[in-house]
Amino acid sequence: MKLCMIGTGYVGLVSGVCFSDLGNTVICVDNDENKIKDLNNGKIPIYEPGLEEVLKKNYKQKRLTFTSDIKSAVNKSDIIFICVGTPTKKGGNSANLKYVFNAANQIAKYINKHKIVVTKSTVPIGTGDILENIFKTKKKNKFVDVVSNPEFLREGEAIRDFIYPDRVVVGTNNFKINKTLKSLYLPIIKKTSRYVSTNRRGAELIKYASNAFLATKISFINELANLCEKASIDIKDISIGMGLDQRIGERFLRAGPAYGGSCFPKDTRALLDTTKKYNVKLSIVDSVVKSNEDRKKLLIKKTSNILNKKIYNKKITFLGVTFKPNTDDMREASSIPMIKFLSKKGAIIKYYDPTGFKNELSKFKNVFFSKSVNNACEKADLVIIHTEWNEFKLLNFKKLVNKKNINVFDLRNIYSPYKMKKKGINYHSIGRKLI
Ligand code: UDX
């Protein structure tokens, strides 16, 4: 099939590359000409394991092209995917849909025959209806079918998630269009996954409901971790003991810092905003958002307590600053509020992250990027393991820190409190305080 992806962020680029790998002809469009130039030169704008090889293979075989010329991309394609960002609006909770509407208006301007327009961007209930109206008003004589097909890709696992999805959700009431979408996904749904047909609003809500539920699971275990700390119970045992119940499931039950990333925080907020429109209450999601905000403050308090509230001039090291491993994404990473606070209090902060220097941290005073774990940890008063990159899983802190008193705050519960105690390290983790 002939496809066009509007927006070459995570969703558009990964989906476009993977669709081309399935044999489709895919044109990826972005109005950022530098990004398109880079992509045409084989430079990938995001860090996503495995993406580069698949991209280069399909680019070489001419199934995949990159352009800023939306007019010709729209003309040449049968199915157009809108994959632009829907960030939180400034000063509120609602999703900012200006990029989605802008894409729709552009499509409407250039459309020359019947097209299927698919929203892959995460959009609030009813956005498909608004898009349909845009097309109806602008192109009275040419019909466009608007479908919702949300993505569930995780950063760092996106290629795998695309090829082996748990489910593919398609929202449309049009039987024929549903059949077309189903045949597009056939190579991947044939294997293990399930194909869910629903109406357009249903598909839009499935995405928000899924992310809000996963965020709830994380916040639930994070709050239980607080209880475990007071009651001398290991939260990891609780996660295992609960997770083995198949009705609960073991995934997304790892206690840690506040959840972050480009989706959970923004989507939970946007879902709450939607409830206002329909005059209903989602008190659980409301609590989850609050709980996650509280968690950021709690981690700051815990860090300060480890240092006996004496932060000024203390050398603090962050191992990993991204919101999770295998991504270079800093969006809503809990490291940011922590570093902001510690820097304000006069700490000297070094951070090492396998994905390199971070612009997001450059505005804070006395915050330095280290090129290696060794360099970052040398003589640190406190080492904070923020992100569970594999390379942080077998560290010799005594050698690395090289001083008498070693303090480690492991936000991802990578190390054993018993073994660390045996080594004489002041080890702090999440929900695992020993008696
Ligand atoms: C998420 C959804 O998983 C994906 O389906 C959706 O399309 C986009 O949003 P992503 O943001 O890439 O994907 O990351 P994810 O792996 O879901 O992790 C989100 C946050 O939850 C991270 O901050 C992570 O550290 C945290 N997390 C996850 C936990 O704290 N504990 C867990 O057990 C799992």
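Residues numbered from 1 in each chain as written. Predicted model: local features only at pLDDT ≥ 70, side-chain atom pairs only at ≥ 80, totals over all residues. Heavy atoms only, no water.

Bringing the domain arrangement of the protein chain into the picture now. Segmenting the protein chain into domains produces domain 1 (2-198), domain 2 (208-292) and domain 3 (298-428). For domain 1 versus domain 3, the separation of C-alpha centres amounts to 38 Å. Of the residues lining the interface, 7 residues belong to domain 1; the matching set on domain 3 comes to 9 residues. Together, Tyr10, Tyr47 and Glu155 form the three largest contributors to the area buried by domain 1 at its contact with domain 3, with a combined 75%. In this structure, the connection of domain 1 to domain 3 is made through 1 salt bridge. Residues Glu155 and Arg331 are paired through a salt bridge, measuring 3.8 Å at the closest nitrogen-oxygen approach. Linking domain 1 with domain 3 are 3 residue pairs in polar contact (both at pLDDT 80 or more), by the criterion used here. (Domains from an automatic or database assignment. Contact = heavy atoms within 4.5 Å. Buried area = accessible area lost by both parts, 1.4 Å probe. Salt bridge = Lys/Arg side-chain N within 4 Å of Asp/Glu carboxyl O. Polar contact = N/O pair within 3.5 Å; in protein donor to acceptor, adjacent residues only side chain to side chain.)

Let us look at the environment of Pro257. Position of Pro257 among the secondary structure elements: in the loop between α10 (235-243) and α11 (264-278). A sequence separation of 106 residues divides Pro257 from Glu151, and the C-alpha atoms of the two residues are 25 Å apart. Not counting residues up to four positions away in its chain, the partners in contact with Pro257 are Asn222, Arg295, Leu299, Ser334, His386, Leu411 and Arg412. (Helix = DSSP H or I, 4+ residues; strand = E, 2+ residues; numbered from the N terminus.)

Bringing the site of the ligand into the picture now. Taken together, 18 residues sit near the ligand, with Phe152, Glu155, Arg254, Gly260 and Lys324 positioned nearest. With respect to the ligand, the backbone of Arg254 contributes an N or O atom lying 2.9 Å from an oxygen atom. Between the ligand and Arg412, the relevant distance is 3.0 Å, taken from an oxygen atom to a side-chain nitrogen or oxygen of the residue. When the ligand sits alone it has 670 Å² of accessible area, and the protein chains cover 95% of it. Among the elements that line the shell around the ligand, the one with the most residues is helix α9 (residues 200-231), at 3 residues. Tallied by class, the residues present in the shell around the ligand amount to 9 nonpolar, 2 polar and 7 charged. (Near = heavy atom within 4 Å. Areas by Shrake-Rupley, 256 points an atom, 1.4 Å probe, with all protein chains shown as cover. Nonpolar A, V, L, I, M, F, W, Y, C, P; charged D, E, K, R; others polar.)

So, about the nonpolar core. Counting residues in each nonpolar core, the largest one holds 39 residues, and the members touching the most others are Leu13, Val14, Phe19, Phe81 and Leu181. Among the elements that take part in this core, helix α1 (residues 10-21) stands out by supplying 7 residues, more than any other. Excluding anything up to four places from it in sequence, Phe81 contacts Leu3, Cys4, Met5, Ile6, Phe19, Val118, Lys120, Asn149 and Leu184. (Core = buried A, V, L, I, M, F, W, Y, C linked by side-chain atoms within 4.5 Å. Buried < 20%, exposed > 50% of the residue type's maximum accessible area, 1.4 Å probe, protein only.)

Attention shifts here to the packing of α9 against α10. Orientation of α9 relative to α10, taken along the N-to-C sense of each, is 135 degrees, at an axis distance of 9 Å. Classified by the interaxial angle, the pair formed by α9 and α10 is oblique. Taken as a pair, α9 and α10 cross one another with a handedness that is right-handed. Judged by residue contacts, Phe220, Ile221, Leu224, Ala225 and Cys228 of α9 engage Ile235, Ile238, Ser239 and Met242 from α10. Among the residues making up the contact of α9 with α10, the classes are represented as 8 nonpolar, 1 polar and no charged. (Axes fitted to C-alpha atoms, helices over the stretch in contact; angles between N-to-C directions. Parallel < 35°, antiparallel > 145°, perpendicular 65-115°, else oblique. Left-handed = near helix turned anticlockwise from the far one by under 90°.)

This part covers the pattern of salt bridges. Counted according to the given criterion, the structure contains 24 salt bridges. Note that Arg201 and Asp129 form a salt bridge whose closest N and O atoms lie 2.7 Å from each other. Highlighted residues: Arg201 in helix α9 and Asp129 in helix α6 (residues 127-138), separated in sequence by 72 residues. Judged by its relative accessible area of 39%, Arg201 is partly exposed.

We now examine α11. Over its 15 residues, α11 runs 21 Å from end to end, which matches the ideal 21 Å to within 8%, given 1.5 Å per residue. The complete set of buried residues in α11 reads Phe264, Pro265, Lys266, Asp267, Thr268, Arg269, Ala270, Leu271, Leu272, Thr274 and Thr275. Downstream of α11 by one or two residues, Asn279 has phi in the positive range, about 55 degrees. (Expected span 1.5 Å × (residues − 1).)

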